[in-house]
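# Geometric and topological summary
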Amino acid sequence: MIPDSLVMLMREAEQIVVLTGAGISAESGIPTFRQALTGLWAQYDPTELATPEAFRRNPQLVWDWYAWRREMVAAASPNPGHFALVEMEHHARQFRLITQNVDGLHARAGNNHIIELHGSLSRVCCEQHRHPADSWDDSAERPPRCRICDSLLRPDVVWFGEALPAKALEQAFAAARAAALFLTIGTSGLVQPAASLPLEAAQAGAILVEVNPEPTPLSSRMDYILPGPSGTILPALVRAVWPD
Ligand code: BV8
């Protein structure tokens, strides 16, 4: 299932760079963005909820949506796909992991040097000055207020229409340009600027690999497509490349 030529390329690669999306967490039971969100949230479009406008319009609804997602992620565990990337980081000469995900599962699996393009569900800050909040009481008022400036607390994630953290973005593009081999895993390749990273890597000469059960707008640019769930494909890939 893993082409021999890809096995050789991965063994020889000076730097392996990985970009992950919501698909790698699907087998941990976390719904992807485009999968209909289960239960209470089925009637909302995530791209409508994950915006500053939605928060201004209905801060409690947005705060509650993220509280629901925080609970779901806390109850979830990394899956074999996440652990295969920890193995890959261990074996690769140089390795960079860039994620669009905000669920923190790569860190919980044991990867280091993770570039979080879109922030993290586990972090909360205030909307006015981004003062971090490591605890809050939302029994009285939801969203709770910042203890320093009294503005509303919000999740420390990047909403649609918001700029990505400059340092993370810079590190991600630098990694893409230095990649010998660039894997995109579990992403629909629809959200910018993350979706430009594989193309940036290709322009700099990287071999592109896609791991996804479905084709995506990026598929036509790939050198290798490994069709299937990352929880199965990634462990098989790591075993084929580093069998010891
Ligand atoms: C920006 C955090 C500029 C929040 C996320 C109009 C106005 C403003 C901006 C825009 C606009 N038009 C376009 C844009 C740009 C916009 C954008 O790209 N929009 C899209 C919808 C067209 N981008 C932005 O707004 C970005 N900011 O441009 O700012 C700017 C500059 C300066 C100053 C001011 C502004 C910000 C984008 C970040 C948004 N935040 N997340 C939260 O999570 O709540 S994005 C969010 O959606 C995720 O983080 C992720 O990135 C994205 C979902 O994508 P995927 O991860 O790919 O997930 P998806 O569900 O789509 O696909 C899952 C895939 O997995 C599928 O392919 C499936 O087949 C596969 N899969 C399923 N199961 C498995 C699997 N794969 C493997 N194994 C399996 N088992």
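The coordinates are above.
Residues numbered from 1 in each chain as written. Predicted model: local features only at pLDDT ≥ 70, side-chain atom pairs only at ≥ 80, totals over all residues. Heavy atoms only, no water.

## As for the pattern of salt bridges
Summed over all chains, the structure comprises nine salt bridges. In this structure, Asp156 engages Arg123 in a salt bridge whose closest nitrogen and oxygen atoms are separated by 3.3 Å. Within this pair, whereas Asp156 is found in strand 6 (residues 153–157), its partner Arg123 is found in strand 4 (residues 119–126), the two being separated by 33 residues in sequence. Owing to a relative accessible area of 23%, Asp156 belongs among the partly exposed residues under this scheme. Residues Glu141 and Arg145 are paired through a salt bridge, measuring 3.1 Å at the closest nitrogen-oxygen approach. You can call Glu141 partly exposed: its relative accessible area is 35%. A single network of salt bridges, built from pairs that share partners, joins Glu116, Arg123, Arg130, Arg154, Asp156 and Glu162. (Salt bridge = Lys/Arg side-chain N within 4 Å of Asp/Glu carboxyl O. Helix = DSSP H or I, 4+ residues; strand = E, 2+ residues; numbered from the N terminus. Buried < 20%, exposed > 50% of the residue type's maximum accessible area, 1.4 Å probe, protein only.)

## Remarks on the packing of aromatic side chains
Scanning the model with the defined rule gives four aromatic pairs in all. Measuring from ring centre to ring centre gives 5.7 Å for Trp63 and Trp136, while their planes differ by 80 degrees; the resulting arrangement is edge-to-face. Placement of the pair is Trp63 in helix 5 (residues 59–75) and Trp136 in the loop between strand 5 (132–133) and strand 6, with a sequence separation of 73 residues. Look at Trp136 and you get partly exposed, because its relative accessible area is 27%. Here the aromatic residues Phe55, Trp65, Tyr66 and Trp159 are joined through ring pairs into a cluster of three or more. The aromatic ring of Trp63 is capped on one face by Arg70, whose charged end is 5.2 Å from the ring centroid. Lying across the ring of Trp159, Arg154 places its NZ or CZ 3.7 Å from the centre. (Phe/Tyr/Trp six-rings, centres within 6.5 Å; stacked < 30°, edge-to-face > 60°. Lys NZ or Arg CZ within 6 Å of the ring centre and 35° of its normal.)

## A closer look at the site of the ligand
Close contacts around the ligand come from 33 residues, with Arg34, Tyr66, Val158, Gly161 and Ser188 the closest. One nitrogen or oxygen atom from the main chain of Gly161 is found 2.7 Å from an oxygen atom belonging to the ligand. A distance of 3.3 Å is found between an oxygen atom of the ligand and a backbone nitrogen or oxygen belonging to Gly186. In the complex, 72% of the free accessible area of the ligand, which totals 1,500 Å², lies under the protein chains. Those elements that provide at least two residues to the shell around the ligand are helix 2 (23–26) and helix 5. In terms of residue class, the shell around the ligand is built from 16 nonpolar, 12 polar and five charged. (Near = heavy atom within 4 Å. Polar contact = N/O pair within 3.5 Å; in protein donor to acceptor, adjacent residues only side chain to side chain. Areas by Shrake-Rupley, 256 points an atom, 1.4 Å probe, with all protein chains shown as cover. Nonpolar A, V, L, I, M, F, W, Y, C, P; charged D, E, K, R; others polar.)

## Here's the deal with the nonpolar core
Core analysis: the biggest nonpolar cluster contains 27 residues, and Leu6, Met10, Ile16, Val18, Met88, Leu183 and Leu237 have the highest contact counts within it. For this core, the secondary-structure elements that each account for two or more residues are helix 1 (4–12), strand 1 (15–20), helix 6 (80–91), strand 2 (94–99), strand 7 (181–185), strand 8 (207–212), strand 9 (224–227) and helix 10 (230–241). The element that contributes the greatest number of residues to this core is helix 10, accounting for five residues. Among residues more than four places away in sequence, those in contact with Leu6 are Leu181, Val209, Tyr224, Leu226 and Leu237. Counting 21 residues, the second-largest nonpolar core is a separate cluster that includes Leu19, Ile115, Phe182 and Ala194. (Core = buried A, V, L, I, M, F, W, Y, C linked by side-chain atoms within 4.5 Å. Contact = heavy atoms within 4.5 Å.)

## What about the side chain of Arg154?
Take Arg154: it is sitting in strand 6. Using a relative accessible area of 4% as the deciding quantity, one classes Arg154 as buried. A distance of 2.7 Å separates a polar atom in the side chain of Arg154 from a polar atom in the side chain of Glu162. Apart from the residues within four sequence positions on either side, Arg154 is in contact with Phe55, Trp63, Val124, Cys125, Cys126, Glu127, Arg130, Trp159 and Glu162.

## Regarding the sheet that holds strand 3 (residues 114–116)
Strand order in this open sheet of six strands is 3-2-1-7-8-9, and the pairing throughout is parallel. This sheet does not close on itself; its edge strands, each paired only once, are strand 3 and strand 9. Across the sheet, the mean angle separating the axes of adjacent strands is 15 degrees when strand polarity is ignored. One ladder, built from five bridges, connects strand 7 with strand 8; its direction is parallel. What sits directly across from Thr184, in strand 8, is Glu210. Sheet contacts for helix 8 (residues 166–178): strand 1, strand 2, strand 3 and strand 7; angle to strand 3, the most-contacted strand, approximately 125 degrees. (Pairing = 2+ DSSP bridges. Axes fitted to C-alpha atoms, helices over the stretch in contact; angles between N-to-C directions.)

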